[in-house]
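Each chain is listed here by its residues.
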Amino acid sequence: MKVQHIHDIEKFFTVVDSCKGKVELVTGEGDRLNLKSKLSQYISLAHVFSVKEDIPEMELVAYEPEDVQKLIDFMINQ
């Protein structure tokens, strides 16, 4: 799924942490980063601070249907 314009990155990672299954970020090169890993979260945050704006778009893969719904709810309500 593609997510766009994440304004509250901390809340986004809180939602990711609450997911039961694996949530992955697909990079532009096709690599997959496990977003439940704190190291991957720190790398993502470093990128956010380097561009100094919200995240315009990224592709996520969530493997559990309830996790997909959590992420959709976050995007709708942010």
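For the structure, see preceding data.
An account of the accompanying structure is given in this report.

Conventions adopted
Per-chain numbering applies: the sequence of each chain, read as written, is numbered from 1 onward. Residues qualify for local features only when their pLDDT is at least 70, as the model is predicted, and side-chain atom pairs are given and counted only at 80 or more; totals for whole chains, interfaces and linings, by contrast, use all residues. In computing side-chain properties, one takes all heavy atoms of the structure into account and sets aside hydrogens as well as water. Nonpolar cores are built from buried Ala, Val, Leu, Ile, Met, Phe, Trp, Tyr and Cys residues. Side-chain atoms within 4.5 Å join them into one set. Partly exposed describes any residue whose relative accessible area lies between the buried limit of under 20% and the exposed limit of over 50%, with all areas from a 1.4 Å probe on protein chains only and scaled to the type maximum. Secondary structure follows DSSP: runs of H or I at least 4 residues long count as helices, runs of E at least 2 residues long count as strands, and numbering of each begins at the N terminus. Working rule for contacts: check all heavy atoms of both residues, and any pair within 4.5 Å makes them a contact. Patch rule: a residue counts if its relative accessible area is over 30% and it has no salt bridge; like charges are joined within 9 Å, and nonpolar side chains (Val, Leu, Ile, Met, Phe, Trp, Tyr) within 5 Å. Using a 1.4 Å probe, the Shrake-Rupley method yields the accessible areas, and only the shown protein chains count as cover for residues. Salt bridges are defined by distance alone: a side-chain nitrogen of Lys or Arg within 4 Å of a carboxyl oxygen of Asp or Glu. Each Phe, Tyr or Trp ring (for Trp, its six-membered ring) is paired with any other whose centre lies within 6.5 Å, and the angle between the two planes then decides the class: stacked below 30 degrees, edge-to-face above 60, tilted in between.

Attention shifts here to the nonpolar core. In this structure, I6, F12, V23, L35, M58, L60 and L71 are the most contacted members of the largest nonpolar core, which totals 16 residues. Those elements that provide at least two residues to this core are strand 1 (2-6), helix 1 (9-18), strand 2 (23-26), strand 4 (55-62) and helix 3 (65-77). The element that contributes the greatest number of residues to this core is helix 1, accounting for five residues. Non-local contacts of L71, meaning those with residues more than four positions away in its chain, are made with M1, F12, V15, V16, V23, L60 and A62.

A separate point is a nonpolar patch on the surface. A surface patch of nonpolar side chains, about 260 Å² in accessible area, is lined by M1, I72 and I76. Of the residues examined, I72 reaches a relative accessible area of 33% and is grouped as partly exposed.

Let us now look at the side chain of Q41. With respect to the helices and strands, Q41 occurs in helix 2 (residues 38-51). If sequence neighbours within four positions are ignored, Q41 has contacts with F13, V16, D17, L35 and K36.

Right, let's talk about the packing of aromatic side chains for a bit. What the rule picks out here adds up to two aromatic pairs. Between F12 and F13, the ring centres sit 5.4 Å apart and the planes meet at 55°, which makes this aromatic pair tilted. In this structure, F12 and F13 share a single accessibility class: buried. Geometrically, the ring pair formed by F12 and F74 is tilted, given 5.8 Å between the ring centres and 50° between the ring planes. One end of the pair, F12, is in helix 1; the other, F74, is in helix 3, with 62 residues separating them in the sequence. Considered together, F12 and F74 belong to a single accessibility category, that of buried residues. A network of ring pairs unites the aromatic residues F12, F13 and F74 as a single cluster.

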